[in-house]
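# Report on the structure
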Number of protein chains: 4
Amino acid sequence: MLLDASASGLFPIAPTPFTPDGRIDEGSLDTLIARYLAAGATGVTVLGIMGEAPKLEPEESLAVTARFVAGFGRLPVIVGVSAPGFAAMRWLARAAMEKGAAGVMIAPPTHLRTDDQITGYYRQAIEAIGADIPFVIQDYPLTLTVQMTPKVIRQIVQENPSCVMLKHEDWPGLEKISALRAFQQDGSMRPISILTGNGGLFLDFEMERGADGAMTGYAFPEMLGEVVRLQKAGERDRAHDLFDAHLPLLRYEQQQGVGLAVRKYVMMKRGFIASDAQRKPGSALTAAARAEVDYLLARLARHDPRAAL
Amino acid sequence: MLLDASASGLFPIAPTPFTPDGRIDEGSLDTLIARYLAAGATGVTVLGIMGEAPKLEPEESLAVTARFVAGFGRLPVIVGVSAPGFAAMRWLARAAMEKGAAGVMIAPPTHLRTDDQITGYYRQAIEAIGADIPFVIQDYPLTLTVQMTPKVIRQIVQENPSCVMLKHEDWPGLEKISALRAFQQDGSMRPISILTGNGGLFLDFEMERGADGAMTGYAFPEMLGEVVRLQKAGERDRAHDLFDAHLPLLRYEQQQGVGLAVRKYVMMKRGFIASDAQRKPGSALTAAARAEVDYLLARLARHDPRAAL
Amino acid sequence: MLLDASASGLFPIAPTPFTPDGRIDEGSLDTLIARYLAAGATGVTVLGIMGEAPKLEPEESLAVTARFVAGFGRLPVIVGVSAPGFAAMRWLARAAMEKGAAGVMIAPPTHLRTDDQITGYYRQAIEAIGADIPFVIQDYPLTLTVQMTPKVIRQIVQENPSCVMLKHEDWPGLEKISALRAFQQDGSMRPISILTGNGGLFLDFEMERGADGAMTGYAFPEMLGEVVRLQKAGERDRAHDLFDAHLPLLRYEQQQGVGLAVRKYVMMKRGFIASDAQRKPGSALTAAARAEVDYLLARLARHDPRAAL
Amino acid sequence: MLLDASASGLFPIAPTPFTPDGRIDEGSLDTLIARYLAAGATGVTVLGIMGEAPKLEPEESLAVTARFVAGFGRLPVIVGVSAPGFAAMRWLARAAMEKGAAGVMIAPPTHLRTDDQITGYYRQAIEAIGADIPFVIQDYPLTLTVQMTPKVIRQIVQENPSCVMLKHEDWPGLEKISALRAFQQDGSMRPISILTGNGGLFLDFEMERGADGAMTGYAFPEMLGEVVRLQKAGERDRAHDLFDAHLPLLRYEQQQGVGLAVRKYVMMKRGFIASDAQRKPGSALTAAARAEVDYLLARLARHDPRAAL
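As the structure is a prediction and not an experimental result, all values here were calculated from the model.

This part takes up the interface of chain A and chain D. At the interface, 14 residues of chain A touch 14 residues of chain D. Of the roughly 1,200 Å² buried at the junction of chain A and chain D (both faces included), carbon and sulfur atoms supply 57%. The largest share of the area that chain A buries against chain D comes from P54, A87 and P281 of chain A, three residues that together contribute 33% of it. At the boundary of chain A and chain D, one finds two salt bridges. Across the salt bridge formed by K280 of chain D and E127 of chain A, the nearest N and O atoms sit 2.4 Å from each other. Linking chain A with chain D are two residue pairs in polar contact (both at pLDDT 80 or more), by the criterion used here.

Now the structure itself:
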């Protein structure tokens, strides 16, 4: 089943679990999948920045993809295929789709600057992977340094019928969601799905601006899914109450460079994965940082019993 | 009185209040000063990025400085003097000190890359302004793109006796505070004051890592000062309780580019300034954003009555 | 007399001559002006990057401008007014025009990325300085990191009637000149003057692509002017012969960061200025570099007797 | 035979020849090898930036490597292995060495800023590929945006015994060569080979500063090799005469982004490769640009008959 513009809900960005000696931990993959499904995931994204994708051998990337596809059944699995060259991007995109992926996600390379360079890049990328593969634009200037205006995103959508989703993680980005939804309203852009990332730091309001859901890696995906559902149900205050209870930890996780270490540490404590090991080069938490996370978890547990670990 | 390494507490980063037609609003300057003092400020920083410094004529910069010096009495006023050339930096630094400023703050220009370029820049800047003016290093890679390791900061401190403070706003930056304090402990760096910025997003833990206080522009400076005091008094849980109550709004304010508009809007609602006008080029809040801020204020008011506006 | 789109020929980018102890050398200013006029300058640009503009006090900037205006008589003097804020830009632009400048040059700040940011910046800058001052766009991505497509330049030209010239120093940039001239041909952009910079490294072909002249600081401005004239006269081979003879030295001068030191050294040897001193922070030539320049001059002298020093 | 610090002479950076429909042109590979050897190559570097490496499938990369190894016999083949992740880097490095490569070249990823980040990166990369593989540092800030001081290069050399060569293409960079050779003289750095790139734009003086040879892709590799030999033989004037004759074309080729198209076009005209096709995304020469190159060749032919095509 292919990804389309109706996608919504909770698409966790999955980490890749490793054993302490650096092998892919297949048992943890299965646990992780089970926990994501229990948390209400409506899909999943693998091999993103958070998934340590560049540290995997090509066959490993496919194996991870296949395992998620098997585990998620009829729910869509999106595969990150960003690469410095189109040969590698095409190879992984087509191989992943053969394994059953629902679509791919493409981030722009960091050297792109002008509007024409960005739209041109997506045209060429889609020519390379083929127009039959649904794709997601990743808009993440904080890490990628590439800035896409709403008009540029609209042009990519209009020029490439296989574009079905925006992973929105501009920062600040609330007005961008409103601008894109206005483009849909005035008929100048066809509808796309907008799932938001950036660690979830603005998920509460992103939903109110018109996002369809969350695509990020916070270590309590249940919360992300519940905020999405509450907002869709019009339960604004309850959504914010839940979100605010998690915000101190979520903010701590969203730190660039350190975030993955925090997430894996919390996920390990929660039993999602067996080890918080990263492949080299990886970041590690100091004892002081681990104590800070433990403190945040203890405080969170007063509001959300899932944090009592 | 000159700034020295014992500075601590709350140094708000002051916005520059304008009238809707773009003149400096001197009445609001006085109100702002009174409110900062009432909030427990132990000093203040003017003409920073948040102060719209590049939009002021030189004489205006001095006039703002003089007014803060008069209002703050014996409390230190730090003046941002970052400039593309040393002629302008020297002129403003010396003129500000003559007006009674306690010290100056210098941010590195965005093109600096290597460790030697950064340390060399500070040597030359201090040679230009004179070694008799106490200065603050501004370490803000998120906006300035310049990355200083703890070793580089140590070298600047050791090479320049007039360096007395670090405005710490690296992100993530908790380990940097620990590393710098360890340098003091092992005797390789003389003690400096560390006040933290970055919108206050990690103030709760920065205090625990060894910061001396806060230097940022959040629209409830009282909260910043109270968290500093509570942490110094060992009241960790109460510090976090207060901080967490403000975090949803604080996070909203910390957005790059939009933050100043949010802050001026809240400060206007609080009566700190008469208008939230910015000089051109300025950012403005959409109606949707204003409504979001109002909602955050209403929610905050349940915990902190100062937010009931 | 105001600058207009008919400007052509040789506009040297003037260095600012200093005495060894850092004062502006007014005698050298007069010599420099006389030598530029003797070299066939049809105008001049002062206070550019090469003019060490950020190292000058505001009154010094105006004094330099006034002296060039006096010396150049009816020939146009363009003044670089790029600044981090519009207050300083407006002040210098209006003050320079009152002193008799013919127009101003504005470079985009280095943080601009998207097409809309760039065109928006020029709209706001012109609103700040006033639409009555003719202005030049400086397009220099190698140093400024801002990339403007031909379409962006066209939009700036069409939105701002006071835009009369492009200082073209994109690299590579030959196709950009062709694209802009094609816009004029198809009627989508009104005519502008295009003078080329980037050290002159491609002046030979830039003239063939449609440039109107040179605006750069090579230490043999006579050569630049002669290449422009020869190309306009259809003497292609002679133009290239002259250019190629100078290319080894010109290439040496075009090095980023070191170029100004080379130029001032050669200009001092040629008697254009009394000292090659730069204000701090400045770059200096090593003995090895000076010997290399001397060697290049000796080689050049075989083809161009002006290099026999 | 493994690469060591005694390497010198001419190491062309090889393009990858493609057929117009995008397949690797194996016949042209053999022709290219024969022409390089006839030009006096003492080694070769494949799969660099110029070799369109990111556009190749992994097996293609190995096939190209194997063909060069076979063709170059006992002369060293260096393989570019830069990659966004260490898994891919390790795989290619080890596979290439098994195919008979003499060493690998590693460029730093563009996000590195501080000295510690750069030296840390090389430590981790060497840990990943293994300390038994001789490696070359690529120092190319113009394209990579990473700035390495001489001290940083020294630290990489001293920390990693398998570092045997620097591909020097800093710009400006003459003083860097002098600084590194001074480090060798004062005993603080063990000797390494320095081959220079950056299109050859400063090869004439780089040899005088202590470079061991050239590693770049100019379409007349014979000239590069001859300048190296003449300088080593103390024939300074003859070296510069030859270099200067080629400089107008060499400068034209050195343009970022367009350079490869120019090189392939000239190499096609010279019979080194059958087609100047690039794999997508590629740059193409306009008719105007081709005519300019033809004109430059005709002018060069007056001094160097090899350019009479």
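Quick look at the pattern of salt bridges now. Overall, the coordinates contain 108 salt bridges over all chains when judged by the stated rule. When the shortest N-O distance is used, the salt bridge between E208 of chain B and R236 of chain B registers 2.9 Å. Placement of the pair is E208 of chain B in helix α8 (residues 203-209) and R236 of chain B in helix α10 (residues 236-253), with a sequence separation of 28 residues. The exposure class assigned to E208 of chain B is partly exposed, which follows from its relative accessible area of 30%. Here K167 of chain C ties to E169 of chain C by a salt bridge, and the two come within 3.0 Å at their closest N and O atoms. E169 of chain C matches K167 of chain C in its accessibility class, with the two residues each being buried. One salt-bridge network, in which partners are shared between bridges, spans D241 and D244 of chain A together with R299 and R302 of chain B.

Rotating chain A by 180° and translating it 0.0 Å along the rotation axis places it on chain D, where the RMSD comes to 0.0 Å. Accordingly, the operation relating the two chain copies is best matched by a two-fold axis. In terms of C-alpha distance to the rotation axis, chain A has P84 of chain A as its closest residue, with the C-alpha 3.9 Å off the axis. Taken together, the interface assignments show that 100% of the residues at the interface of chain A recur at the interface of chain D, consistent with an identical surface on both copies.

On to the packing of aromatic side chains. All chains considered together, the criterion is met by 33 aromatic pairs over all chains. Ring centres of F68 of chain A and F72 of chain A lie 6.2 Å apart, and the angle between their planes is 40°; this geometry places the pair in the tilted category. With F68 of chain A and F72 of chain A both in helix α2 (residues 58-72) and four residues apart, this pair spans about one turn of that helix. Residues F68 of chain A and F72 of chain A agree in their burial class; the two are buried. Through a chain of ring-to-ring contacts, the aromatic side chains of F86, Y121, Y122 and F135 of chain A assemble into a single cluster. Just above the ring of Y295 of chain B sits the side chain of R236 of chain A; from NZ or CZ to the centre is 3.5 Å.

Moving on: the pairing of strand β5 (residues 135-139) of chain D. Residues and elements named next belong to chain D. Of all the five residues making up β5, five are buried; the element is thus mostly covered by neighbouring parts of the structure. Side-chain alternation along β5 places F135, I137 and D139 on one buried face and V136 and Q138 on a second face that is also buried. Where strand β4 (residues 103-106) and β5 come together, three bridges link them in parallel fashion. Paired with I106 across the bridge in β5 is I137.

Residues and elements named next belong to chain B. Alternating positions in strand β7 (residues 193-196) separate into two faces, S193 and L195 on one and I194 and T196 on the other, with burial throughout. Pairing geometry for strand β6 (residues 163-168) and β7, over four bridges, is parallel. Looking at β7, one finds that L166 is bridged to I194. For the handedness criterion, the β-α-β arrangement of β6, helix α7 (residues 174-185) and β7 is classed as right-handed. One ladder, built from two bridges, connects β7 with strand β8 (residues 213-214); its direction is parallel. Looking across to β8, one finds that T196 is bridged to A214. For the crossover from β7 across α8 to β8, the handedness is right-handed.

Basis of the calculations
- Residues numbered from 1 in each chain as written.
- Chains lettered and ligands numbered in written order.
- Predicted model: local features only at pLDDT ≥ 70, side-chain atom pairs only at ≥ 80, totals over all residues.
- Heavy atoms only, no water.
- Contact = heavy atoms within 4.5 Å.
- Buried area = accessible area lost by both parts, 1.4 Å probe.
- Salt bridge = Lys/Arg side-chain N within 4 Å of Asp/Glu carboxyl O.
- Polar contact = N/O pair within 3.5 Å; in protein donor to acceptor, adjacent residues only side chain to side chain.
- Helix = DSSP H or I, 4+ residues; strand = E, 2+ residues; numbered from the N terminus.
- Buried < 20%, exposed > 50% of the residue type's maximum accessible area, 1.4 Å probe, protein only.
- Least-squares fit on C-alpha atoms with pLDDT ≥ 70 in both.
- Phe/Tyr/Trp six-rings, centres within 6.5 Å; stacked < 30°, edge-to-face > 60°.
- Lys NZ or Arg CZ within 6 Å of the ring centre and 35° of its normal.
- Pairing = 2+ DSSP bridges.
- Right-handed = clockwise from strand over helix to strand, strands pointing away.

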